[in-house]
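Remarks on the overall topology
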Amino acid sequence: MRKAATEIEHLREKIRQHEYRYYVLAKPVISDYEFDQLLRELQRLEAENPHLITPDSPTQRVAGEPAKEFPSHSFSQPMLSLENAYSREEFADWARRAAQFAKTESLDYVAELKIDGLSIELIYEDGLLSKAVTRGDGRTGEVVTGNVRTIRSVPLRLHENVSVEIRGEIFLGLKAFRQLNDEREQAGEDRFANPRNAAAGSLRQLDPGVAAKRPLDFYGYSILPAISASPTQADNLKRISALGLKVNPHRKLCHSVDEVIEFSMHWEEHRDDLDYEIDGVVVKVNAIDIQEILGATAKSPRWAIALKFRARQATTKLVDIRVQVGRTGALTPVAVLEPVQLGGTTIRSATLHNEDEIDRLGVQINDRVLIERGGDVIPKIVSVVEQAPDRRPFEKRSTCPVCGGEVYRSEGEAVRRCLSQTCPAKLKEALLHWAGRRALKIEGLGERLVDQLVETDLVRDVSGLYELNQDQLEGLERMGPKSAENLLNEIAGSRSLEFWRVVFGLGIRHVGERTAQLLAEHLGSMARLQQASQEELELVNEVGPKLAESIYKFLRQPDNVALIGRLRHAGLQMESTAPPLSSIPAVFAGKTFVLTGTLDGMTREEATALIEGRGGRAAKSVSKKTTYVIAGKDAGSKLDKARELGVQILGEEEFRAML
Ligand code: IVH
C-alpha cells in the first residue's frame, strides 16, 4: 500500500513538472505521446487505489458533477476597475497628478498588456487552489472553481505551500476562438461575438466537462497581500511567476511617461501579432508603498490606469452583398463596403456569416453600418446605423452563383450549400485549403494560380497537383521557367509532410487541424482510419457522434475513396511516424478470428474492422492457429471445423462483450 502511495505521488510530481513546462513555460521536454502515457499510468494507479486520489492530482482537473448554480464569495479586498486614458495627454495628466499626490518628482511604472478577457481571483491555501472567483460586482463574485480547474495554465498546486490570492485575466486565444466559432456555426449554434464573450460563456458553464473543451488560458497580474510579497509591482510579477503561474512576458519597467507611450504605441501597432485580443496597456505605479499612499477612489485605484488603444470600429456604407462559395459548398454572403480606415488598415469588405445574419441585423444594401474588427480575421457588421432612403433588400438565390447548381439548406443548419460535385468554386477552395500553411504548405500556390489551374482544366482535384509538369505550368500566365520549377519543388516537397496534414487537407467537414492530429495520432494510418467504424472513431479524444458520422461518411464516399487512392499513388504520407496512440487498446493483438454465418447487429466488414482496429487478425478459414470462431446465424462448415479442432467458439453477444 505504502508503495503505491509513493509511486503515485512521484508520478504526480513528474506530471506537474511537465504540465508546468508545457502550459506555463511553453517549453515541453517530452512529446504529447509520452505525457499522455504518464497521465494514463497515473489514472491506472489511482483507479486501483481510489482512496489515494487527492483534489490536486493532475487527473482531477475535471471532477465532480455539473453545478446547479454558482455560490458567491466576498473578496478580502474589492476588485476595482480601472480608469481609462484615451490619449497621450490624458495619460500624462494622470501621471502628473499621481506624482503630485505622492509628493515626488518622478515615478517608475510597470506597463502591462491589457488583455480583453475576464478578471478572476485565485485563492490558494497552503499552496493548493481552493477557490476561483469571478469579479461579479467587485465586492462579491461567483465561485467558478470547477471550471477554472480545467485551465491547464492554472496550477492546482503552487511551487510553495503559501496562502495567497492571485488576480489575473482569463481569456480565450484567437485561434481557439475562431475554431470554437466555426464548430458552433457548423453545429447550427450562434457564433460568439468576440473571444471575451466566448471566455465568459465558458467560465459560466455549469458543466466543467464543457468548459474543459474550451482551451482557456490565464495570466496573473497581481498578488495579495501585495506589500508582503515584495516592494514593487515588477517584483510581484516575478513572484507570481516563481509560484508557478503564467505572467505575460510582454511587460516593461518604464522610468518616464515617454517610455510608457513608446511601449503602448509599439503594441498598438503589433497587436495582431499576438494570439489574444488586447485593447490597451495597463500602467501601474511600480513602488507598492507609493501605491498605498495613492490609494483608491470608490471605483478605481489612483495608482493604475488603462491606456486604451483606438477602437477598431468605424461606420461606412454597405455597397453590395455578394455570395462566396466555400470548400464545402457553403454560400457565405460578404458585404462589399465603401473603403474605410480601421486600426491602420483599409477595409473593403466584411463577413455576414450566413443569410440569417442579414435578417438578424435587418441590414439592406446602401445602409450605413457600424463595422468592427474583433477576434475574427475578417471584420464584421455590428449594426445598422442609418437606413438609406434608397435601400434594397438582399435577394436570396436558389442556385449557386458560380456554377448555377442546385443549392440546399439542411435542417438545423444556418448555411445553404451548393450540391454540385464539380462546382469550380468548391474545387478552388479545396486547392487553396490543401496548399495552406496549416495543411500541405505548398508555397506559391495562391489564388491567381489556382484560378488558372481550375479554369484551364489542368487540375480536377487535389491529386491533380501531383501530375503537373513543367510545360503545363510554363503555359500559364505570369509563370516563367523558374517559378514553374519552384512550384513543382514545393508540390514534390509536400509528399513528405506529416500524415495528419493529409487528413486535415482532405477538408472533411468539422475536422480542424487539431482533430486531424488526434485522428492521425490515434489511428496511425489512412488504412486504419478508413476501416474504423463510427464507434471506433468516437473513441478518439474530442470526437463526438456527429463528428464521427461526418468522418465515416466522408471516407466512404466513392469520390473520396478514389481521391485518397490517387493521393496514396502520388506518394503522400499515409501513416503517422509516431507510434499510434490508439485509444482503442490492442486487446486482440496476436489473436486470429474467423467469422461464420451472419451476425445480427453488424456486417462482416464491420466486424473485421472492429477486430483489426484492436490489433487482431481476421482470417477466412479455420486452422489450429485460429483463436476464436465467431458463429452467427446459419453457421456452416467452419463451425464444425472449429469443434473438430477444439477452437473456442463465440456467439455474437460474447464477441460484443469482448469489444
Ligand atoms: S490591474 C485595480 N492589469 O482590465 C487594478 N487589469 O478595469 C485592477 N485587465 O477587468 C486591474 N489586463 O481584468 C490589471 N495587466 C492587467 C490587466 C487588467 C487586463 C483587465 C481587468 C479589468 C480591467 C480593468
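Here is what the cut-offs are and how they apply
Residues numbered from 1 in each chain as written. Predicted model: local features only at pLDDT ≥ 70, side-chain atom pairs only at ≥ 80, totals over all residues. Heavy atoms only, no water. Phe/Tyr/Trp six-rings, centres within 6.5 Å; stacked < 30°, edge-to-face > 60°. Buried < 20%, exposed > 50% of the residue type's maximum accessible area, 1.4 Å probe, protein only. Core = buried A, V, L, I, M, F, W, Y, C linked by side-chain atoms within 4.5 Å. Helix = DSSP H or I, 4+ residues; strand = E, 2+ residues; numbered from the N terminus. Axes fitted to C-alpha atoms, helices over the stretch in contact; angles between N-to-C directions. Parallel < 35°, antiparallel > 145°, perpendicular 65-115°, else oblique. Left-handed = near helix turned anticlockwise from the far one by under 90°. Contact = heavy atoms within 4.5 Å. Expected span 1.5 Å × (residues − 1). Arc of directions from axis to C-beta. Near = heavy atom within 4 Å. Polar contact = N/O pair within 3.5 Å; in protein donor to acceptor, adjacent residues only side chain to side chain. Areas by Shrake-Rupley, 256 points an atom, 1.4 Å probe, with all protein chains shown as cover. Nonpolar A, V, L, I, M, F, W, Y, C, P; charged D, E, K, R; others polar.

1. Comments concerning the packing of aromatic side chains
One pass over the full model with this rule turns up ten aromatic pairs. Seen in terms of ring centroids, Phe588 and Phe593 are 4.7 Å apart; in terms of plane orientation they differ by 50 degrees. Their pairing is tilted. For the pair formed by Phe588 and Phe593, the shared burial category is buried. Of the aromatic side chains, those joined through ring pairs into one cluster are Phe588, Phe593, Tyr628 and Phe655.

2. Digging into the nonpolar core
Grouped together as the largest cluster of nonpolar side chains are 55 residues, with contacts concentrated most on Trp434, Ile442, Leu465, Tyr466 and Leu519. Contributing elements (two or more residues each) for this core: helix 13 (424-435), helix 14 (447-455), helix 16 (481-493), helix 17 (499-505), helix 18 (513-523), helix 19 (526-531), helix 21 (545-556) and helix 22 (558-569). If you tally residues by element for this core, the top one is helix 21, at six residues. Counting 34 residues, the second largest nonpolar core, distinct from the first, contains Val144, Ile151, Ile166 and Leu216.

3. Quick notes on the packing of helix 13 against helix 14
Viewed as axis vectors pointing N to C, helix 13 and helix 14 meet at an angle of 135 degrees, and their least axial separation amounts to 10 Å. With respect to each other, helix 13 and helix 14 are oriented oblique. Crossing handedness for the pair helix 13 and helix 14: right-handed. Note on element contacts: helix 14 touches helix 13 through Glu447, Val450, Asp451, Val454 and Glu455, opposite Pro424, Leu427, Lys428, Leu431 and Leu432.

4. So, helix 22
With twelve residues, helix 22 extends 16 Å between its outermost C-alpha atoms, agreeing within 8% with the 16 Å of an ideal straight helix rising 1.5 Å per residue. Among all positions in helix 22, only Asn560, Leu563, Ile564 and Leu567 are buried. Each buried residue of helix 22 sits inside an arc of 100 degrees when the element is viewed along its axis, so together they form one side. Within helix 22, the exposed residues directed more than 90 degrees away from the buried face are Pro558 and His569. Elements that come into contact with the buried residues of helix 22 comprise helix 13, helix 19 and helix 21. Taken from the residues just after helix 22, Gly571 is the one with a positive phi, measuring 95 degrees.

5. Side note on unusual backbone geometry
With glycine set apart, most residues show a phi of negative sign, and most peptide bonds adopt trans. The omega torsion of the bond from Leu224 to Pro225 falls at -5 degrees, within 30 degrees of zero and hence cis. Within the secondary structure, Pro225 sits in the loop between strand 8 (216-224) and helix 8 (226-229). You will see that Asp634, though not glycine, has its phi angle at about 55 degrees, which is positive. Summarising the element assignment, Asp634 is placed in the loop between strand 21 (628-631) and helix 24 (637-645).

6. A few points about the site of the ligand
What surrounds the ligand is a group of 13 residues, the closest being Leu82, Glu112, Glu169, Tyr221 and Lys284. In this structure, an oxygen atom belonging to the ligand sits 3.5 Å away from a side-chain N or O atom of Lys114. Computed on the free molecule, the ligand has an accessible area of 520 Å², of which 85% lies beneath the protein chains in the complex. Breaking the shell around the ligand down by element, the ones donating at least two residues are strand 3 (109-115) and strand 10 (278-285). For the shell around the ligand, the per-class residue count stands at seven nonpolar, two polar and four charged.

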